[in-house]
Amino acid sequence: MARNRPRPPGKVVVVSNRLPVRLVPGARRITFEPSAGGLVSALSAVEGLEGWVGWPGGTVSRAQRRRVTESLAKDGLHPVFLDEDEVEGFYGRICNDTLWPLFHYFVDRLRITEEAWEHYVTVNRRFAEAALAIASDGSRVWVHDFHLMLVPAMLRAERPDLAVGFFLHTPFPSSEVYRLLPAREQVLRGLLGSDYLGFQTADDARHFRSACLRILGLDSAPDALEVDGRTVGIGIDPIGIDTAAFRAAAKDPATAETLAELEKRYEGQTLVLGVERLDYTKGVLQKLRAFERYLEVDPERARTTTMLQVLVPSRLESPEVQAQLDEIERLVAAINGRFGRPGITPVEYIHRSISRAELVASYRRADVMVVASLRDGMNLVAQEFAYCQSVPGPPRRWNGVLLLSELAGAAHVLPGAVLVNPWHVGDIAERLAEAAALGRAERKTRLETMAARIAQLDTRRWAATFLSRLDASARRRRRARVATPLSEASRRRLLKRFVRARRRTILLDYDGTLRELVSHPELAAPTPEILDLLGELAALPETEVHLVSGRDRKSLEHWFGELPLWLCAEHGFVERAPGQPWRQLLDVDLSWLPRMERVLRRVASEVPGTFVERKACAVAWHYRQAEPEYGAWRAKELLLMIEQLLPGVPAEILLGHRVVEVRANGVNKGVYVGRLFPHGRQRGHAILAIGDDRTDQEMYAALPPGASSLHVGTGHPLGPVRHQHQLPDPESARALLREIVDAVTSAS
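About the cut-offs
Residues numbered from 1 in each chain as written. Predicted model: local features only at pLDDT ≥ 70, side-chain atom pairs only at ≥ 80, totals over all residues. Heavy atoms only, no water. Buried < 20%, exposed > 50% of the residue type's maximum accessible area, 1.4 Å probe, protein only. Helix = DSSP H or I, 4+ residues; strand = E, 2+ residues; numbered from the N terminus. Pairing = 2+ DSSP bridges. Axes fitted to C-alpha atoms, helices over the stretch in contact; angles between N-to-C directions. Parallel < 35°, antiparallel > 145°, perpendicular 65-115°, else oblique. Left-handed = near helix turned anticlockwise from the far one by under 90°. Contact = heavy atoms within 4.5 Å. Nonpolar A, V, L, I, M, F, W, Y, C, P; charged D, E, K, R; others polar. Expected span 1.5 Å × (residues − 1). Arc of directions from axis to C-beta. Polar contact = N/O pair within 3.5 Å; in protein donor to acceptor, adjacent residues only side chain to side chain. Core = buried A, V, L, I, M, F, W, Y, C linked by side-chain atoms within 4.5 Å. Salt bridge = Lys/Arg side-chain N within 4 Å of Asp/Glu carboxyl O.

Description of the pairing of strand E25 (residues 618-622)
No. 1: The element E25 is largely enclosed, with a buried count of 5 among its 5 residues.
No. 2: Side chains Ala 618, Ala 620 and His 622 of E25 all project onto a buried face; the interleaved residues Val 619 and Trp 621 project onto the opposite face, where all are buried too.
No. 3: Where strand E24 (residues 611-614) meets E25, 4 bridges bridge the pair, whose relative direction is antiparallel. Each residue of the ladder has a partner; that of Val 612, found in E25, is Trp 621.
No. 4: Turn length for the E24-E25 hairpin, with the two strands adjacent in sequence and antiparallel, is 3 residues.
No. 5: Bridge count between E25 and strand E27 (residues 659-664): 5 bridges; the pairing is antiparallel. Bridge assignment links Val 619 to a residue of E27, and that residue is Val 662.

Right, here's the structure in full:
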């Protein structure tokens, strides 16, 4: 019974761009200070934390690295050091200048630097190596954010025993925007090394799935995607704040003292608060222009309303950031110059970091909080404000209104917020006036609703939920039979077996196996390389080559009829030995076929880029050229329609690469393969089958014990895995077959 018990969760290794502490710049000796952010408190409380891998900030001389490493190791922290050129290439040119604007939809700020991409790859590999060095057997490795999107696949390649999770803190852009990234496929495959992928919102998860479909051709369910013989879980895991820390801060005497000062300073005033890090995604300019519009409507509001804008410095060494700061400060000055009077300053502006006591006191005093992010993964400031308004503690409670950008992830989790379009200055100004006029009862109801949701999103609960979902995904992978890539050792054993064999049988699918998939079946004619390769394989002594395809007999005859090959068409319905006529293998009822063809042709007429292929015992609807998401949706609709027509009909549905086929019952590649080996595999007989589609699983299943099977491509067959190893693409399949030809020929 003990063997059936679930494997206990492993320890946790956190991998993030930054460590929870950072080096103090300019200090005479090595000194660290805590990093800001809710992630630190969330993950520091994780049970079984094995270690934390990250960059300590700045550059550390090689002479000091050992001392820094030893100092951090005492607290379970493991630094990844970056040289100045790596900081510039990885962090500056790729993370800040490419990925950040791309993931936040600012394509006008996008600077794609292909040569800097090598720094991104190199640094990701260094993070992966650091995690591998400390992860024990079966550990859970939790990778964070867009800086490290290649790390999951690197971990998977080296340590299949690990449970790998990834959480994206930023938005994931729509596939139309994401496709601008030159390394778009590499990044997706890096992320798909995970067992479980977490996103802030359902929109982000949907965009990721759409990118996988459009770029990699991988279909998915809302909560999972099949790749490399594995199921990758996809989830919505909105991050929250450290509620305990904010409750404690609200009770801090320093907070009460600061709040009393604010109450006195803004007595009788409506206080509009803004707290942002200096970044173009935060919409500070739009917010200020909206406040200016608010004052334009009624200039007397300047006497009763004050905006307190806190702007935390960030990346001031960047000329672009400095120019943005200059523009903000000019606008603040213009508003104050236009609407201010002696003793009246409509916009009070703070450009520095503020203490936790100052922050919480400002949250509690504010009447309206404006978060106008132009795009944001979550925006924890919105949660902090709503929670601080609701926690017990004198003198103010339930008084604030949250004006929140509908393009921030927080808009998905804070139902009591007043949502605005951050690009619509007039809309923000109108909603600000409405928020300022809301009655106390409605304010309280809205805050109570948000506070309850924020309590559910608490960082510790968020971390525990994510890890439990990672555990479930990893258990599912470990229970499943997974085909592994063909290793060099396996390749050598296969070649050795074929060299020593007294008899050889090779069974090959065509489309997607020997030949790359193309937009239309008629364009997939074999190249001279493929024809020569098949001819040389068939010419090997005591060797039979069987082409086992779903194509119709006419196409196979036209392309391969002159070669000494065994041809099997339409998934095993008809066969032809070299130089012999075609013969039908099964007697089937095809009375249903005309009606099913009419259904498929009607759908094809409604969906651009699709067409119907009629075969002797089947009919197929191809949607490879259709708009990917619309085609996939119509395929699901078509499946439902066909399933309603099938009861009592001797036919079955067959799903392939962007094709829905309905074929006669009993017809499959396994029937043909099973007839080839009625007595199993005899001693000295080398058998190899290579395919790429779900239909090829039937071929593998019919092979006798001792045969070899390889599956081409990274897609999962969405059924039992019956192949032994995987090859990445048709080119690698052709290369392997070429090696067989050369090895057997050399040994003869």
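Structural notes on the packing of helix H10 (residues 253-265) against helix H14 (residues 356-365)
No. 1: The geometry of H10 relative to H14 is characterised by a closest axis approach of 8 Å and an angle of 50° between their N-to-C directions. In terms of orientation, H10 lies oblique with respect to H14. Considering only the axes of H10 and H14, their crossing is right-handed. Of H14, the residues touching H10 (which contributes Ala 254, Thr 255, Thr 258, Leu 259, Leu 262 and Glu 263) are Ala 357, Glu 358, Val 360, Ala 361, Ser 362, Arg 364 and Arg 365.
No. 2: When the residues that make up the contact of H10 with H14 are grouped by side-chain class, the tally is 6 nonpolar, 3 polar and 4 charged.

Looking at helix H23 (residues 628-645)
No. 1: With 18 residues, H23 extends 26 Å between its outermost C-alpha atoms, agreeing within 8% with the 26 Å of an ideal straight helix rising 1.5 Å per residue.
No. 2: Along H23, the positions that sit buried rather than exposed are Gly 631, Ala 632, Arg 634, Ala 635, Leu 638, Leu 639 and Ile 642. When H23 is viewed along its axis, its buried side chains cluster within an angular range of 165° and face the same direction.
No. 3: Residues of H23 that are buried make contact with helix H8 (202-216), helix H22 (593-606), E25, strand E26 (651-656) and E27.
No. 4: In this structure Glu 627 caps H23, since a side-chain oxygen of it lies 3.1 Å from the backbone nitrogen of Glu 629.

Looking at the nonpolar core
No. 1: Counting residues in each nonpolar core, the largest one holds 66 residues, and the members touching the most others are Leu 43, Tyr 363, Met 369, Leu 402, Leu 404, Leu 414 and Trp 462.
No. 2: Ignoring any residue separated from it by four or fewer positions in sequence, one finds Leu 43 in contact with Val 14, Leu 49, Trp 52, Trp 142, His 144, Trp 462 and Ala 463.

A look at unusual backbone geometry
No. 1: Phi at Asp 145 is positive, roughly 75°, even though this residue is not glycine.
No. 2: Exposure remark for Asp 145: the relative accessible area of 12% places this residue in the buried category.
No. 3: Look at Asn 379: it is not a glycine, yet its phi comes out positive at around 80°.
No. 4: On the secondary structure map, Asn 379 appears in the loop between strand E15 (368-371) and helix H15 (380-390).

Section: the sheet that holds E24
No. 1: If you trace the 4 strands from one edge of the open sheet to the other, you get E24-E25-E27-E26, paired in antiparallel fashion. What marks the edges here is a single partner per strand, and that holds for E24 and E26. Neighbour-to-neighbour, the strand axes of this sheet turn through a mean angle of 20°, independent of strand direction.
No. 2: In the packing of H22 onto the sheet, the strands contacted are E24, E25 and E27, and the crossing angle to E25 comes to about 10°.
No. 3: The sheet contacts of H23 involve E25, E26 and E27, and relative to E27 the element is tilted by about 20°.

A few points about the pattern of salt bridges
No. 1: In total, this model carries 55 salt bridges according to the counting rule given.
No. 2: Among the salt bridges present, the one from Glu 296 reaches Arg 293, with a minimum N-O distance of 3.7 Å. One end of the pair is Glu 296 and the other is Arg 293, both in helix H11 (residues 284-297) and 3 residues apart, which spans about a single turn.
No. 3: Look at Arg 293 and you get partly exposed, because its relative accessible area is 37%.
No. 4: Residues Glu 557 and Arg 576 are paired through a salt bridge, measuring 3.4 Å at the closest nitrogen-oxygen approach. Placement of the pair is Glu 557 in helix H21 (residues 553-560) and Arg 576 in strand E22 (residues 574-576), with a sequence separation of 19 residues.
No. 5: The exposure class of Glu 557 is partly exposed, given its relative accessible area of 32%.
No. 6: Taken together, the salt bridges that share partners define one network made up of Asp 97, Arg 109, Arg 111 and Glu 320.

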